[in-house]
Amino acid sequence: MLRGLPRRIAGLLATLLAASFVIFSAVYAAPGDPAVLLSGSRQELTPEKLAAVRAEYHLDEPLVVQYGRWLWESAQGDLGRSFQYRDQVADLIAARLPTTLELVAYATVFFVVLGVGSGVLAALRRGWVDSAVVGGTTLAASIPSFVAAIALVSLFGVQLGWFPVTGQGEGFAGRLHHLTLPAFALALGALAVISRVTRQAMAEAYASDHVEAARAAGLTEREIVVRHVLRNALGPIVTMCGLVMAGMLAGTVVVETAFGLSGVGSLLVSAITTHDFPVTQAVLLLMVIGYVVVTTLVDLVHPLIDPRVSLAGKAA
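Residues numbered from 1 in each chain as written. Predicted model: local features only at pLDDT ≥ 70, side-chain atom pairs only at ≥ 80, totals over all residues. Heavy atoms only, no water.

### What to know about the overall build of the protein
Within the protein one finds 13 helices and zero strands. Expressed as a percentage of its 316 residues, the buried residues of the protein come to 40%. Relative to all contacts within the protein whose residues are 6 or more apart in sequence, the contacts with residues 24 or more apart total 71%. When the accessible surface of the protein is totalled, it reaches about 16700 Å², and 67% of it is carbon and sulfur. (Helix = DSSP H or I, 4+ residues; strand = E, 2+ residues; numbered from the N terminus. Buried < 20%, exposed > 50% of the residue type's maximum accessible area, 1.4 Å probe, protein only. Contact = heavy atoms within 4.5 Å. Areas by Shrake-Rupley, 256 points an atom, 1.4 Å probe, with all protein chains shown as cover.)

### Section: the pattern of salt bridges
Counted by the stated rule, this structure contains one salt bridge. With its nearest N and O atoms 2.7 Å apart, the salt bridge here joins Glu 102 to Arg 175. Residue Glu 102 is found in helix 5 (residues 89–124), and its partner Arg 175 is found in helix 8 (residues 171–206); the two are separated by 73 residues along the sequence. Since its relative accessible area comes to 31%, Glu 102 is described here as partly exposed. With a relative accessible area of 22%, Arg 175 lands in the partly exposed category. (Salt bridge = Lys/Arg side-chain N within 4 Å of Asp/Glu carboxyl O.)

### A short note on the UniProt feature "transmembrane region" (unreviewed entry) in the protein
Per the UniProt record, "transmembrane region" (unreviewed entry) is annotated on residues 103–124, 131–156, 176–194, 237–259 and 279–301. Helix makes up 100% of residues 103–124 and strand 0%, with an end-to-end C-alpha separation of 31 Å. Here residues 176–194 runs as 100% helix and 0% strand, with 23 Å between its end C-alpha atoms. (UniProt positions renumbered as here; feature names shortened; annotations may be inferred.)

### Re the nonpolar core
One recurring pattern in soluble globular proteins: nonpolar side chains tend to sit buried together. Among the nonpolar cores identified, the biggest contains 43 residues, and Leu 103, Phe 111, Met 202, Val 229, Met 248 and Phe 259 are the most heavily contacted of them. Of all the secondary-structure elements, those providing two or more residues to this core are helix 5, helix 7 (145–159), helix 8, helix 9 (209–216) and helix 10 (221–259). When neighbours within four sequence positions are excluded, Leu 103 is seen to be in contact with Leu 179, Pro 182, Ala 183, Leu 186, Thr 252, Val 255, Glu 256 and Leu 261. If you look at the next biggest cluster of nonpolar residues, it comprises 13 residues, including Leu 79, Val 253, Leu 268 and Ala 271. (Core = buried A, V, L, I, M, F, W, Y, C linked by side-chain atoms within 4.5 Å.)

### Re the packing of helix 7 against helix 10
A pair of packed helices is captured by two measures, namely the crossing angle of their axes and the spacing between those axes. It is the contact of helix 7 with helix 10, at a shortest axis distance of 9 Å, that shows an interaxial angle of 30°. In terms of orientation, helix 7 lies roughly parallel with respect to helix 10. Here helix 7 runs over helix 10; the crossing is right-handed. Contacts from Ser 145, Phe 146, Ala 149 and Val 153 of helix 7 reach helix 10 at Val 254, Val 255, Ala 258 and Phe 259. Here the residues of the contact of helix 7 with helix 10 are counted per class, giving seven nonpolar, one polar and no charged. (Axes fitted to C-alpha atoms, helices over the stretch in contact; angles between N-to-C directions. Parallel < 35°, antiparallel > 145°, perpendicular 65-115°, else oblique. Left-handed = near helix turned anticlockwise from the far one by under 90°. Nonpolar A, V, L, I, M, F, W, Y, C, P; charged D, E, K, R; others polar.)

### Details of the packing of aromatic side chains
Applying the stated criterion across every chain, the model contains seven aromatic pairs. An angle of 35° between the planes, with centres 5.3 Å apart, marks the rings of Phe 24 and Trp 70 as tilted. Of the two residues, Phe 24 is situated in helix 1 (residues 5–29) and Trp 70 in helix 4 (residues 63–75); the sequence distance between them amounts to 46 residues. For the pair shown, Phe 24 and Trp 70 are each scored as buried. Summarising the aromatic geometry, the rings of Tyr 106 and Phe 110 are spaced 5.0 Å apart at their centres and angled 20° between planes, so their arrangement reads as stacked. (Phe/Tyr/Trp six-rings, centres within 6.5 Å; stacked < 30°, edge-to-face > 60°.)

### Some details on a nonpolar patch on the surface
Together, Leu 139, Ile 143, Phe 146, Val 147, Ile 150 and Val 254 give the surface a local cluster of nonpolar side chains, amounting to about 520 Å² of exposed area. The biggest single contributor to the nonpolar patch is helix 7, with three residues. Tracing the backbone through its elements, the reader meets Val 147 in helix 7. Residue classification places Val 147 among the partly exposed positions, given a relative accessible area of 36%. (Patch = residues over 30% accessible without salt bridge, like charges linked within 9 Å, V, L, I, M, F, W, Y side chains within 5 Å.)

Written out as structure tokens, the structure is:
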């Protein structure tokens, strides 16, 4: 794993560089002139004023030059100033990032506990239990996040009144209470994916020859499941959990908007609506960095969980 670390880091940097250029180019290719947005009212604009604004913000330079300046400043922590809020983008993200990370962490607990638990149950209890789990996860996977959010708000927030439907709450218990419905709405689709992966990995591990040998040696079924089946199935389960968690950074956009949370996702929606290019670029870059870093860490940890992966790589 250590021998391949420089290659993985180089691949990570190359991916981030390519993604950053795509993000920068795509945002500036969107409809709307940044100079017009920075100048204020269209009725007061003159060609001279537009030219001055473009020169002040380096908008008159070639795209590659603008990208190079933005990348260099971003690497130093200067993400620019928001067109809408007139504040530093880094400060806006720093104020909203904790809410998004808490939401993703809470949702991760939901889909890991419920997804892995239901997958193990389905693998161990073939028959009606397995069919019920498969049917339930299929239904959960087919429900979009915004539909799940609306249904949860209507049932548990409005009709039953068990949970608040807006805001972040105060204190640890208050934040958990406020984030329960958003986290469950975010985790619903992921729960179905993890359950299916766990069920399949457990079924494949159960069919291995060493499981039959352990059963013939007199081990109890509990010992076989814990020491042989679940242990050998952890590799794909952990990998998929890491990938799903990384993808949730982008999935918070819908949930945060539905529940009125002041997170990075809702900040992105507001920035796109108002053509706030610096905020849009910074948030998209942050999401890409989070996804790439998490997936790289999962890739590095996988051989530690399942040594067969490294052995297979050596054989290849």
